[in-house]
Amino acid sequence: MNIGETPHKEKSKGLLIALEGIDGTGKSTQLALLARRLRAAGLEVVATREPTDGPYGRQIRASFANRAALSPEEELRLFIEDRREHVQTLIGPALAAGKLVLTDRYYFSTVAYQGAAGHDPAKILAANESFAPRPDLVLLLVVPPQVGVRRVRDFRGESLNDFEQEDYLTRVAAIFAAFADPSLVRIDASGDIEQVGEKIWAPVRALLIREKIISEGVHERE
Ligand code: TYD
């Protein structure tokens, strides 16, 4: 179903759901699970992520191994340029076409991560909200930083890059914890994949019912 075509919605506009959280919360796994579940319910889903695979996103990823190669100002600029391009080329057109867009990270990550790196979180938020569509729902996956760090190390079998050190992630988590956006729902992501998936589905389902995209009877599971 193209959600823009539902007779109940006034404007031809899709919905934007962002998954946020520190590293090791399981966002990518949960996004894939949620996308499958929504498609099973008959919705047209666009799944995407930031940093993107575009030119700015690739430059950002290349800097991960050695974060000191970029100044904090240059790093912030790249994340914002990457998002600007993401909004122009993918998110904006998909929303205009009435699609349901799921993004693995969005501007709350910039506020929290670049805020923890020394920029003013309120200014970062204002800069992003001047061009990036506000999400209809932000799912903030929460685990203690030491759990996130352990998951990155154990499950991904990777050494930690500069973004993933525990003291830095503790500061990032503190900024995430201070968010008071009405569209933001906190999800305890310390359980297993299935449990967390159920916790995520509840607010997503509530949003879809509120927007008259699905009816009360839909409980789709895979
Ligand atoms: P991540 O989602 O962990 O990508 P991957 O799964 O490919 O490793 O994102 C990469 C890192 O980028 C992560 O540590 C958070 C950081 N980041 C920022 O610092 N600011 C931002 O605006 C975004 C989107 C990500």
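Here the structure is a predicted model, which is why all the values come from computation and not from measurement.

J.: Would you take a moment to explain the packing of aromatic side chains for this structure?
T.: Think of a pair of aromatic rings as described by two things: how far the centres are apart, and how the planes are tilted against each other in angle. Tallying each qualifying case throughout the model produces six aromatic pairs. Plain terms: the ring middles of Tyr107 and Phe108 are 4.7 Å apart, the flat faces sit at 20 degrees to each other, and that makes the pair stacked. Both rings, one in Phe108 and one in Phe179, keep their centres 5.2 Å apart while their planes meet at 80 degrees; by these two values the pair is edge-to-face. Of this pair, Phe108 sits in helix H4 (residues 107-116) while Phe179 sits in the loop between helix H7 (166-178) and strand E5 (184-188), and the two are 71 residues apart along the sequence. Aromatic rings pair up to connect Tyr106, Tyr107, Phe108, Tyr113, Tyr168, Phe176 and Phe179 into one cluster. Over the ring of Phe131 we find Arg84; its NZ or CZ atom is 4.5 Å from the centre of that ring.

J.: Explanation requested: the layout of surface pockets in the structure shown.
T.: If a probe as big as a water molecule is rolled over the atoms, it shows which places are left empty. Empty space within the largest pocket amounts to approximately 840 Å³. Around the largest pocket, the lining comprises 36 residues; the ones closest to its centre are Asp23, Gly24, Lys27, Ser28 and Arg156. Mapped onto the lining of the largest pocket, the elements with two or more residues apiece are helix H1 (27-40), helix H3 (72-96), H4, helix H6 (145-155) and helix H8 (193-210). Of the residues contributing to the lining of the largest pocket, the split by class is 11 nonpolar, 11 polar and 14 charged.

J.: Is there a simple way to think about the site of the ligand in this case?
T.: Close to the ligand lie 15 residues; Asp23, Arg61, Arg105, Thr110 and Gln114 are nearest. Here an oxygen atom of the ligand sits 2.9 Å away from a polar atom, N or O, in the side chain of Asp23. Taking Arg105, its side chain carries an N or O atom lying 2.8 Å from an oxygen atom of the ligand. Here the ligand has 550 Å² of accessible area as a free molecule, and 89% of this is covered by the chains. Because more than half of its atoms lie within 2 Å of the grid, the ligand is assigned to the largest pocket.

J.: Would you take a moment to explain the environment of Glu129 for this structure?
T.: Following the sequence through the fold, Glu129 ends up in helix H5 (residues 121-129). For the pair Glu129 and Lys199, spaced 70 residues apart in sequence, the C-alpha to C-alpha distance is 27 Å. Only 3.2 Å separates the side chain of Glu129 from the side chain of Tyr107, close enough to count as a polar contact.

What counts as what
Residues numbered from 1 in each chain as written. Predicted model: local features only at pLDDT ≥ 70, side-chain atom pairs only at ≥ 80, totals over all residues. Heavy atoms only, no water. Phe/Tyr/Trp six-rings, centres within 6.5 Å; stacked < 30°, edge-to-face > 60°. Helix = DSSP H or I, 4+ residues; strand = E, 2+ residues; numbered from the N terminus. Lys NZ or Arg CZ within 6 Å of the ring centre and 35° of its normal. 1 Å grid on protein atoms, 1.4 Å probe; cavity = no way out; pocket = protein on both sides within 12 Å on 5 of 7 lines; lining within 4 Å. Points joined across faces, edges and corners; volume = space filled by probe spheres on them. Nonpolar A, V, L, I, M, F, W, Y, C, P; charged D, E, K, R; others polar. Near = heavy atom within 4 Å. Polar contact = N/O pair within 3.5 Å; in protein donor to acceptor, adjacent residues only side chain to side chain. Areas by Shrake-Rupley, 256 points an atom, 1.4 Å probe, with all protein chains shown as cover. Sits in = over half its atoms within 2 Å of the grid points.

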